Every structure is written in C-alpha cells, then in structure tokens.
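Each chain, letter by letter, is given below.
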Amino acid sequence: MQLVVLAGGVGGARFVRGLRALVRRDRPGAAITVIANTGDDLWLAGLRVTPDLDSLMYALAGVNDEERGWGRAGETERVSAELTAYGVGWPWFTLGDLDLGTHIARTSLLKDGLPLSAVVERLTTRWPLGVRLLPATDDEVETHVRTAEGTMHFEEWWVRTRAALPALGFEQRGVERATAAPGVPEAILGADVVLIAPSNPVVSIGTILGIPGVREALEATSAPVVGLSPVIGGAVVRGMGDACLSAIGVATDAAAVARHYGARSAGGLLDGWLVDTVDEDAVEGLTAAGIATRAVPLRMTDDDATAAMAQAALDLAASR
Ligand code: FO1
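Residues numbered from 1 in each chain as written. Predicted model: local features only at pLDDT ≥ 70, side-chain atom pairs only at ≥ 80, totals over all residues. Heavy atoms only, no water.

Participant: Where do I start with the packing of helix α4 (residues 97-111) against helix α5 (residues 116-124) in this structure?
Facilitator: Each pair of packed helices can be summarised by the angle the axes make with each other and by the distance between the axes. Remark: α4 packs on α5, axes separated minimally by 10 Å, with the N-to-C direction vectors making an angle of 135 degrees. For the element pair α4 / α5, the angle class is oblique. For the element pair α4 and α5, the recorded crossing hand is right-handed. In this structure, α4 uses Thr-102, Ala-105, Arg-106, Leu-109 and Leu-110 to contact α5, whose residues at the interface are Leu-116, Val-119, Arg-122 and Leu-123. Of the residues belonging to the contact of α4 with α5, the class tally is six nonpolar, one polar and two charged. (Axes fitted to C-alpha atoms, helices over the stretch in contact; angles between N-to-C directions. Helix = DSSP H or I, 4+ residues; strand = E, 2+ residues; numbered from the N terminus. Parallel < 35°, antiparallel > 145°, perpendicular 65-115°, else oblique. Left-handed = near helix turned anticlockwise from the far one by under 90°. Contact = heavy atoms within 4.5 Å. Nonpolar A, V, L, I, M, F, W, Y, C, P; charged D, E, K, R; others polar.)

Shown next, in the form of structure tokens:
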C-alpha cells in the first residue's frame, strides 16, 4: 500500500510519526512518502536552511527538540552567539550548533551540484526514518509576506514579529518557474491514499499545492485524498496559523478550512476530512457539500493518539 502525505513542519512531523507507528504496527507492507513544504526555506549566514524538511527529518530520526518542535535535542548555541557578535545572520533566528551541522552539510552538497531532493536523500541516510522524504520542489520558492511595514521573508514575519504584523498577502517567490521535485507527481499518481497532514493550510499545504505539477497530479490520481483539520474548536492547535488564515479571508474553523481546500467532486482537493469531536456539528454540512467528513479525536498527544487519527483517515479513504 502506497501512502503519500503532504506535510509542513511541526504539525506535519507529529502526524507522520504517528502514521509511521501505525504502519509499523498494523500495515508493515505499506510505504510512506512525505511531500514536504519548502516555502519556509531561506539563505542565512551563507547557508541553506530548510525548516520543514528539518523538522520532519529530526522528528522521524528521534533527535528533535520535542518541546520547541524545531531544531535538535540537546542543542547548544556557541556558534550562533559568534554569528550574532559578528552581526551575521538574524539574532532572533537561532541556528544551534548541531543544526548548523545540517545546514553546512546541505549547503556543501548543494554547492557540489546536487538538487535538494538528492541532498535530502543523502542527509536522511544517516537515520532509518522509515519513510521517503521529498521536498515539494527542488527549485527555490520562498514564501514572502506583504505587511504594512513592507514585504519580508516568511521566517522574519513568523519569528521576529511572531506573525503579529497583519499579513496583507503571501507570495511564493519564483513559483512560476518551479516544477515539482522528481518523484513527487509519480508518488501522488501511484498512491493508494493521499493524506493532507494537519499543517498550516496557507503557508505549508497551500504552498505545496501551488507548485506546478502538484495539483495536476492530485486531480489525476485515483487515490482518495483525505485531510485532517489543523483547527480544533475554532483554534489552531499550534503556532499562529490563524494569522495566515485570516490573511486569506478564511475563518479559523474546521469546516471553513475544508471548504477552502474544496471538495474534489467540485474541482477542489478533498474527498474526505476529519474534524475533532468538538467540531461534530460540521460533519453534516461538509458531507452534503461532497466532502465525506467524520469527527474523531484529533489531538496528537502522543504517537498512539496520532496513529488512531491516521487509522481513522485511512478508514475514511477506504469508505470512498
Ligand atoms: N522558530 C522560532 O520561533 N525561533 C527561532 O529562533 C527559530 C530558529 C529556527 C532555526 C532553524 C529552523 O529550521 C527552524 C527555526 N525555527 C525557529 C522554527 C521555524 O520558524 C518553523 O520551523 C517553521 O518555519 C514554521 O513552522
């Protein structure tokens, strides 16, 4: 069974780890391919930093800082302090010493001419992740945020301003020239199920969907597409995704996000959608709109809870 997941960083990593646990326990023959958002990526201190790929890699390798959701466990920041002393990089965007090892290795391989997807493959051979990790694209497509103070890289908006500056719009710099990374369309077309992780619908999932070739593959695949709501009881579970949703005029609500993604039968993305039990009242309306919806517990409190969510998503996909 070929499972494909579209995922961002922090929420995506938690979800994929639970899906992997489910597969290892119940479906050992299944394979998982993760298509990761690369819109948060940036050049900083001369290094290529890829936040969502790194959150996924570190979490699946079991070396992530579980508390923060990004970076490495047991991190130190000696080099970062030196960079700040020299006024290099962003003092408010900490690159830990172990994390810098990843960025230096990635940048070195990129400079050797490897495309990002080959770099990811090379870096992840260090750990048995149990999934295939693919960047949505090998091209540099960075999310920039338009604000009243001007346009800035997503990471500056997200980390320096804590998404407190109202976002007037998002732009994917270079997306018109980009193509999906090798293996991405094939994975989607060959999938038995495509899952949309409970990641940021705008800057993570939305960015992946905007990469030329991705949406076409999603329209063409015979696989059912089932998403899990990143919004529970009118609030995003982590992060500041609500700031992104309001910027595009979508309410921070489980049903609104599903309608934003759209029903596949009406030219949108979703065949199925999982909402948390507190959002049970959304089930009837969404199902009537062509998005088969079920209400199940969606809090990823641990791998078992997340595995149960993943099972519910696979059950919903199978019922299509
Ligand atoms: N997030 C923060 O809130 N503060 C930081 O200093 C920070 C540094 C950082 C360095 C590398 C990296 O891969 C991620 C980092 N993040 C930091 C998290 C980052 O903003 C998120 O991983 C995503 O880009 C948003 O979900």
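Participant: Whenever I open this one, the site of the ligand confuses me. Can you help?
Facilitator: As a structural note, the neighbourhood of the ligand is formed by Asp-40, Pro-51, Asp-52, Trp-70, Trp-92, Phe-93, Thr-94, Asp-99, Glu-155, Trp-158, Val-159 and Arg-162. Taking Asp-40, its side chain carries an N or O atom lying 3.0 Å from an oxygen atom of the ligand. Note that a nitrogen atom of the ligand is positioned 3.4 Å from one of the side-chain N or O atoms of Trp-70. The pocket occupied by the ligand, as judged from atoms lying within 2 Å of grid points, is the largest pocket. If you list the elements that add at least two residues to the shell around the ligand, you get α2 (51-61) and α6 (154-160). No other element matches the three residues that α6 contributes to the shell around the ligand. Taken together, the residues of the shell around the ligand sort by class into six nonpolar, one polar and five charged. (Near = heavy atom within 4 Å. Polar contact = N/O pair within 3.5 Å; in protein donor to acceptor, adjacent residues only side chain to side chain. 1 Å grid on protein atoms, 1.4 Å probe; cavity = no way out; pocket = protein on both sides within 12 Å on 5 of 7 lines; lining within 4 Å. Sits in = over half its atoms within 2 Å of the grid points.)

Participant: Would you take a moment to explain the side chain of Glu-142 for this structure?
Facilitator: Relative to the helices and strands, Glu-142 resides in strand β6 (residues 142-147). Residue classification places Glu-142 among the buried positions, given a relative accessible area of 13%. Residues within four places of Glu-142 in sequence aside, it is in contact with Gly-39, Asp-41, Leu-42, Trp-43, Arg-48, His-153, Glu-171, Gln-172 and Arg-173. (Buried < 20%, exposed > 50% of the residue type's maximum accessible area, 1.4 Å probe, protein only.)

Participant: Looking at this structure, I do not really get the sheet that holds strand β1 (residues 2-7). What am I missing?
Facilitator: In a beta sheet, neighbouring strands are held together by backbone hydrogen bonds and run either parallel or antiparallel to one another. Ordered by their spatial adjacency, seven strands build an open sheet running β5-β2-β1-β9-β10-β13-β14, and the pairing between neighbours is parallel. At either end of the open sheet lies a strand with only one pairing partner, and these are β5 (132-135) and β14 (292-295). The average undirected angle you get between the axes of adjacent strands in this sheet is 20 degrees. Here four bridges tie β1 to strand β9 (residues 193-196), and the two strands are oriented parallel to one another. Among the inter-strand pairings, Val-4 is bridged to a residue of β9, identified as Val-194. (Pairing = 2+ DSSP bridges.)

Participant: Teacher, can you tell me more about the nonpolar core here?
Facilitator: Soluble globular proteins: nonpolar side chains tend toward being buried together. Counting 66 residues, the largest nonpolar core has Leu-6, Trp-157 and Val-194 as the members making the most contacts within it. The element that contributes the greatest number of residues to this core is helix α11 (residues 254-261), accounting for six residues. Aside from chain neighbours lying at most four places away, what touches Trp-157 is Val-145, Thr-147, Met-152, Arg-162, Ala-163, Leu-165, Ala-167, Phe-170, Ala-243 and Cys-244. Among the nonpolar cores identified, the runner-up in size contains 48 residues, and Leu-19, Leu-53, Leu-274 and Val-296 belong to it. (Core = buried A, V, L, I, M, F, W, Y, C linked by side-chain atoms within 4.5 Å.)

Remember that the coordinates give geometry; whether it matters functionally is a separate question.
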